[in-house]
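# Residue-level structure breakdown
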Amino acid sequence: MQPSTPNKPLRLGILLSGRGSNFLAIAESIRTKKLPNVEIAIVISNVPEAGGLTSAQDLGLPTALFVSKGRKRAEHDADVLACLRDHNVDLVILAGYLRLLSPEFVAALPNRILNIHPSLLPAFPGLDAQHQAFDYGVKIAGCTVHFVDEHLDHGIIILQRAIPVLDKDTAESLSARILIEEHLAYSEAIARVASGQYEIQSRRYIKKI
Ligand code: GRF
């Protein structure tokens, strides 16, 4: 990806389905210039009640709602893709987007879709990763930001942040501490991708500087 510049900021398309705390952390990083040369082009939800959608509206950002319930995946994704294109999106950010993407959607945006997952992948893909990790008894937990490919929670890893699991932890306290790491990790990963200073060797994301 070409490095983003003040004249040509990287335009993000945020996809979410829920409370949107990761989206808000990214928006705050942009506001405080921790994430320079990046802007949010559009926030799209597939769920009408998503808190993140209301937050985006409150921030005055462009938003769109494409309800996915009851629709064929490929048709719904075609609408979302058209909206992303209309808004000249460079990079798609999945921020708690609870909908599998169609192969067509992923193929249309190779290494242009990022996801955050609340475990140290490849451990504990899928739903409730923090509870899975807690119940398994791991001593180190964390989160992963990765490019999205056609398989669930599987694409090339950009970065991970790890924390110890404490004896006094509950699944809830562990989830809360992982979420703090997520908010740091996502902005850092977007900054790395926006810099364009990386190459991909097989499954490995390598920083050039
Ligand atoms: C986060 O835990 C993220 O890792 C997972 O979905 C959750 C979304 O939370 N993919 P939020 O909506 O960003 O608060």
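This text goes with the structure placed above it.
Heads up: these notes are all about the structure in this document.

So, how was this worked out
- Residues numbered from 1 in each chain as written.
- Predicted model: local features only at pLDDT ≥ 70, side-chain atom pairs only at ≥ 80, totals over all residues.
- Heavy atoms only, no water.
- Helix = DSSP H or I, 4+ residues; strand = E, 2+ residues; numbered from the N terminus.
- Rg over C-alpha atoms; globule rule 2.2 N^0.38 Å.
- Buried < 20%, exposed > 50% of the residue type's maximum accessible area, 1.4 Å probe, protein only.
- Near = heavy atom within 4 Å.
- Polar contact = N/O pair within 3.5 Å; in protein donor to acceptor, adjacent residues only side chain to side chain.
- Areas by Shrake-Rupley, 256 points an atom, 1.4 Å probe, with all protein chains shown as cover.
- Nonpolar A, V, L, I, M, F, W, Y, C, P; charged D, E, K, R; others polar.
- Lys, Arg positive; Asp, Glu negative; His and termini not counted.
- Salt bridge = Lys/Arg side-chain N within 4 Å of Asp/Glu carboxyl O.
- Contact = heavy atoms within 4.5 Å.
- Axes fitted to C-alpha atoms, helices over the stretch in contact; angles between N-to-C directions.
- Parallel < 35°, antiparallel > 145°, perpendicular 65-115°, else oblique.
- Left-handed = near helix turned anticlockwise from the far one by under 90°.
- Phe/Tyr/Trp six-rings, centres within 6.5 Å; stacked < 30°, edge-to-face > 60°.
- Core = buried A, V, L, I, M, F, W, Y, C linked by side-chain atoms within 4.5 Å.

## A look at the overall build of the protein chain
The number of helices and strands found in the protein chain is six helices and nine strands. Scaling as 2.2 N^0.38, a compact globule of 209 residues should have a C-alpha radius of gyration of about 17 Å, and the protein chain matches this with 17 Å. Referenced to the eigenvectors of the C-alpha coordinate spread, the extents of the protein chain come out at roughly 50 × 45 × 35 Å. For the protein chain, buried positions account for 49% of its 209 residues.

## Quick notes on the site of the ligand
Lining the immediate environment of the ligand, one finds R19, G20, S21, N22, G96, I116, H117, P118, Q130 and E182. One of the side-chain nitrogen or oxygen atoms of R19 is found 2.4 Å away from an oxygen atom of the ligand. One nitrogen or oxygen atom from the main chain of N22 is found 2.9 Å from an oxygen atom belonging to the ligand. In the complex, the protein chains occlude 86% of the 370 Å² of accessible area that the ligand would expose alone. Those elements that provide at least two residues to the shell around the ligand are helix 1 (21–31) and strand 5 (113–117). Taken together, the residues of the shell around the ligand break down into two nonpolar, six polar and two charged.

## Notes on the side chain of D153
Mapping D153 onto the fold places it in the loop between strand 6 (140–147) and strand 7 (157–164). No salt bridge is formed by the buried D153; the nearest opposite charge belongs to R203, separated by 11 Å. A distance of 3.5 Å separates the side chain of D153 from the side chain of N115, its partner in a polar contact. What D153 contacts, discounting residues up to four positions off in sequence, is N115, H117, L121, P125, G126 and H146.

## Some points on the packing of helix 5 (residues 129–136) against helix 6 (residues 171–195)
Between helix 5 and helix 6, the least distance of the axes is 9 Å, while the angle of their chain directions is 125°. Our classification of the angle between helix 5 and helix 6 gives oblique. Judged by the sense of rotation from one axis to the other, the crossing of helix 5 with helix 6 is right-handed. Where helix 5 approaches helix 6, its residues Q130, H131 and F134 are matched on the opposing element by A171, E172, L174, S175, I178 and E182. When its residues are assigned to classes, the contact of helix 5 with helix 6 shows four nonpolar, three polar and two charged.

## Examining the pattern of salt bridges
Enumeration over the complete set of coordinates arrives at seven salt bridges. Salt-bridge contacts for E28 lead to R31; the nearest nitrogen and oxygen are separated by 2.8 Å. Highlighted residues: E28 and R31, both in helix 1, separated by three residues, approximately one helical turn. Residue E181 pairs with R161 through a salt bridge whose shortest N-O separation is 2.7 Å. Taken together, the residues span a long stretch of sequence, with E181 in helix 6 and R161 in strand 7 at a distance of 20 residues. The class of E181 is buried, set by a relative accessible area of 13%. Each of the salt bridges in this network shares a partner with another, and the network as a whole consists of R161, E181, E188 and R192.

## Considering the packing of aromatic side chains
This structure, assessed with the given rule, holds four aromatic pairs. Arranged with centres 4.9 Å apart and planes meeting at 20°, the rings of Y198 and Y205 form a pair that is stacked. On the accessibility criterion, Y205 (11% relative accessible area) is buried. Members of the aromatic cluster, connected to one another through ring pairs, are F147, Y198 and Y205.

## Points about the nonpolar core
The tendency in soluble globular proteins is for nonpolar side chains to be buried as a group. Grouped together as the largest cluster of nonpolar side chains are 63 residues, with contacts concentrated most on L12, L84 and L114. Per element, the largest residue contribution to this core is eight residues, and it comes from helix 6. If we skip the residues at most four places from it in the chain, L12 touches I26, I30, V38, E39, I40, A41, I42, V89, L91, I93 and I190.

What is shown is where atoms sit, not what they do.
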